Amino acid sequence: MKTGIRLFVVFMISGIVVTFSLSWIIEFYKYQKRLVPLDRVERLFDSAVRTIKETYPSEDREEIARRVLDEYHKYKPNRKKMLPIDVFKVIQPALSVVNDQNFRLYPPIEPVYSVLPFTVIVVDGRAIVSSSAVEDIKAGDELLEINGRKISELINQLLPYTSGENYSIREQQLSSLIQLIPELVDKNKDKIGIFYRQREYNIKVKSDGVEKTVVVKTMTAMSYPRESAQFPALPTRRPFEFYKEGDIGVFKFGTFTLSGTIYNSYRDFVTNTLVQNNDMKVVLVDLRGVASRDFTIFKELFEHFVDKKTSVERWISIVNTAYNMSVLNKYGVDFEKTTNELLRIKFFHTFEPREPFIKADVWVLFDRYTSNAALDFIYTFKKLREDRTIGEPTLMKINHTTEVDYKFDDSAKTSFIFPSAVINEPIQHDAVLKPDYEIELTTEERINYVKSIEDVMLNKALEIIRERAVKR
């Protein structure tokens, strides 16, 4: 009997050892599969430098490439292999010196990553919780400290992992980086574990005017969407919507791609809205924060308000290289051979009348975050309709990136974005888009807009439109 018990115990212990050994071997194999060899890291960085030298639309591209190389040597790894997040940590700070929000790596997000159980939006250096997966921190709270480190300190630590011409542009990229602090900032060494181990964080927030410190635990990037769905989040902008503010029809746009079913839904939305509201006399197009990369979205809407074919002359710069062949063809240049010359090409934005035609007074509202195709549309609109724009000067320059390419690196689990063409209007090189009627906002008013408490800019815009209507 004793022998039987002894054999049973040995069998049980052996089973446990074998089970844990197999589990560890499996996790070790998964971990090894995630590692990026140093030659792949170098290849990704070399590709970025080559892109600068061969396609970056600037006369100073050789000097820019040199600065990037110099910066990279400060972070260059000495390991033979590394995780994707570490690839991002050694390459992105080098790309950051280009000071172009459209030239950067996106931070990789793997399902196994440890993330903080909330996301934030940064407004003028203040971090507002946008969604949460824990009860003690709710959307709308202000994040003050993480493990005793003030948010300002953490932002300064994360800025090298962003790209942009100024701080206000860069802070828009901080949301995902702050949630990734457990991986990006606090991870000292790699561990191979059979079970996921949560880490505790002391989080100081201001909630309903009261400061408090709560202890939260990390969760995996894969589990966050499911867990956060149980709690209210700050409202997000829809791709498109329409509503009436008294006698003014307001079209409001978010960010969406011009493809697939959403584009068909957009066209149906515009047509149906105009048919049902064909007596509108005043229309306000709200483009605040829109970052769409396709001009056609706004062009097609505006064509319902023009009664004849109208063209506006524009200018664009592209490097004459085989790598840019498709972009050159898009703007009417027949590529013959690579000269590496920075070409300045004239093209036209042309508007054709579109049914149903609505004879209305069109105004445009924009804020400092409006960029890319939306900014191009407003700049063109200002040439056609004088005294019809309201908002605040944009952060992005008028002569900004207009064509952006993407390359996904499967090994590093990251996307590299870079510009292949820029708008090149005959204006001061650092000029930004300014409205005809400027509205100044405080940080609190911006935060209240994010929280959907009050829309001060829209209210002031409606006042301006009504005042102008009375004077006319």
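Residues numbered from 1 in each chain as written. Predicted model: local features only at pLDDT ≥ 70, side-chain atom pairs only at ≥ 80, totals over all residues. Heavy atoms only, no water.

Concerning the overall build of the chain
- When you go through the chain residue by residue, the secondary structure sums to 15 helices and 21 strands.
- Within the chain, the fraction of its 472 residues that count as buried is 51%.
- Long-range pairs, those at least 24 residues apart, make up 74% of the contacts in the chain between residues at least 6 apart in sequence.
- Accessible surface, the chain: about 23500 Å² in total, of which carbon and sulfur atoms supply 52%. (Helix = DSSP H or I, 4+ residues; strand = E, 2+ residues; numbered from the N terminus. Buried < 20%, exposed > 50% of the residue type's maximum accessible area, 1.4 Å probe, protein only. Contact = heavy atoms within 4.5 Å. Areas by Shrake-Rupley, 256 points an atom, 1.4 Å probe, with all protein chains shown as cover.)

Here's the deal with the pairing of strand E10 (residues 210–217)
- Of the strand pairs in this sheet, strand E9 (residues 200–207) and E10 are connected by eight bridges, and their pairing is antiparallel. By the bridge assignment, Lys206 is partnered in E10 with Glu211.
- Counted along the chain from E9 to the antiparallel partner E10, the turn is two residues long, and its residue Asp208 has a positive phi close to 55°. (Pairing = 2+ DSSP bridges.)

Side note on the environment of Phe347
- Here Phe347 is to be found in strand E16 (residues 342–351).
- Residue classification places Phe347 among the buried residues on the basis of a relative accessible area of 10%.
- Taking the C-alpha atoms as reference points, Phe347 and Gly332, separated by 15 residues in sequence, lie 8.1 Å from one another.

Observations concerning the nonpolar core
- Residues Ile91, Leu143, Ile178 and Ile203 are the most contacted members of the largest nonpolar core, which totals 62 residues.
- In terms of residue count, helix H4 (residues 84–96) provides more of this core than any other element does, seven residues in total.
- For Leu143, the contacting residues outside a window of four places in its chain are Phe118, Val120, Ala127, Ile151, Ile178, Ile203, Lys204 and Val205.
- Among the nonpolar cores identified, the runner-up in size contains 36 residues, and Ile297, Phe298, Ile358 and Val364 belong to it. (Core = buried A, V, L, I, M, F, W, Y, C linked by side-chain atoms within 4.5 Å.)

Details of the packing of aromatic side chains
- In the structure shown here, the tally under the stated rule is 20 aromatic pairs.
- Ring centres 6.2 Å apart and planes at 85° place the aromatic pair Phe253 and Phe298 in the edge-to-face group. Taken together, the positions of Phe253 in strand E13 (residues 248–253) and Phe298 in helix H11 (residues 296–302) put the pair 45 residues apart, joining distant regions of the chain. Both residues of the pair, Phe253 and Phe298, count as buried.
- Cation over ring: Arg344 sits above Trp315, and NZ or CZ is 4.2 Å from the ring centre. (Phe/Tyr/Trp six-rings, centres within 6.5 Å; stacked < 30°, edge-to-face > 60°. Lys NZ or Arg CZ within 6 Å of the ring centre and 35° of its normal.)

Thoughts on the packing of helix H2 (residues 38–55) against helix H3 (residues 61–75)
- It is at 8 Å that the axes of H2 and H3 come closest, and there the two elements cross at 155°. Between H2 and H3, the angle falls in the class roughly antiparallel. Touching Val41, Glu42, Phe45, Val49, Ile52 and Lys53 of H2 are Arg61, Glu62, Ile64, Ala65, Val68, Leu69 and Tyr72, all from H3.
- Here the residues of the contact of H2 with H3 are counted per class, giving nine nonpolar, no polar and four charged. (Axes fitted to C-alpha atoms, helices over the stretch in contact; angles between N-to-C directions. Parallel < 35°, antiparallel > 145°, perpendicular 65-115°, else oblique. Nonpolar A, V, L, I, M, F, W, Y, C, P; charged D, E, K, R; others polar.)

With respect to the sheet that holds strand E18 (residues 389–391)
- Strand order across the open sheet formed by six strands is E12-E13-E14-E17-E18-E21, with mixed pairing between neighbours. The sheet terminates laterally at strand E12 (240–245) and strand E21 (437–438), the two strands that pair on one side only.
- The pairing of E13 with strand E14 (residues 282–286) spans five bridges and is classified as parallel. Of the residues in E14, the one forming a bridge with Ile248 is Val282.
- Across the sheet, helix H13 (residues 372–384) touches strand E17 (361–366) and E18, and the angle it forms with E17 is around 140°.

Quick look at the environment of Pro239
- When you line up the elements, Pro239 lands in the loop between helix H9 (224–228) and E12.
- Sequence separation between Pro239 and Ile262 is 23 residues; the distance between their C-alpha atoms is 8.6 Å.

Describing the pattern of salt bridges
- Throughout the structure, instances matching the rule amount to 31 salt bridges.
- Two residues, Lys138 and Asp208, come together in a salt bridge whose shortest N-O distance is 3.2 Å. Taken together, the positions of Lys138 in the loop between strand E6 (126–132) and strand E7 (142–146) and Asp208 in the loop between E9 and E10 put the pair 70 residues apart, joining distant regions of the chain.
- The class of Lys138 is partly exposed, set by a relative accessible area of 36%.
- It is possible to trace a salt-bridge network through shared partners that takes in Arg267, Lys299, Glu300, Glu303 and Arg354. (Salt bridge = Lys/Arg side-chain N within 4 Å of Asp/Glu carboxyl O.)

Structural notes on the pairing of strand E15 (residues 310–319)
- Along E15, seven of the ten residues are buried, which leaves the element largely enclosed by surrounding structure.
- Of the strand pairs in this sheet, E15 and E16 are connected by ten bridges, and their pairing is antiparallel. Bridge pairing in E16 links Glu313 to Phe348.
- Relative to strand E20 (residues 414–423), E15 runs antiparallel, the two being bridged by three bridges.

So, H3
- In a regular helix each residue adds 1.5 Å, so 15 residues correspond to 21 Å; H3 covers 22 Å between its end C-alpha atoms and thus fits that length.
- Within the span of H3, buried status applies to Arg61, Ile64, Ala65, Val68, Glu71 and Tyr72. Each buried residue of H3 sits inside an arc of 130° when the element is viewed along its axis, so together they form one side. Among the exposed residues of H3, those pointing more than 90 degrees away from its buried face are Glu62, His73 and Lys74.
- Looking at the buried residues of H3, the elements they touch are H2, H4, E15 and E16. (Expected span 1.5 Å × (residues − 1). Arc of directions from axis to C-beta.)

Details of unusual backbone geometry
- Here the bond from Glu355 into Pro356 is cis, since omega is -5°, no more than 30 degrees from zero.
- The topology assignment puts Pro356 in the loop between E16 and E17.
- The phi dihedral of Asn99 is positive, around 60°, even though this residue is not glycine.
- Following the sequence through the fold, Asn99 ends up in the loop between H4 and strand E3 (104–105).

Section: the environment of Val115
- Looking at where Val115 falls in the secondary structure, it is placed in strand E4 (residues 114–115).
- On the basis of relative accessibility, which here comes to 4%, the residue Val115 falls in the buried class.
- Remark: the alpha-carbon pair of Val115 and Leu177, spanning 62 residues in sequence, is separated by 9.7 Å.

In short, the description is geometric, and any link to function would need to be established separately.
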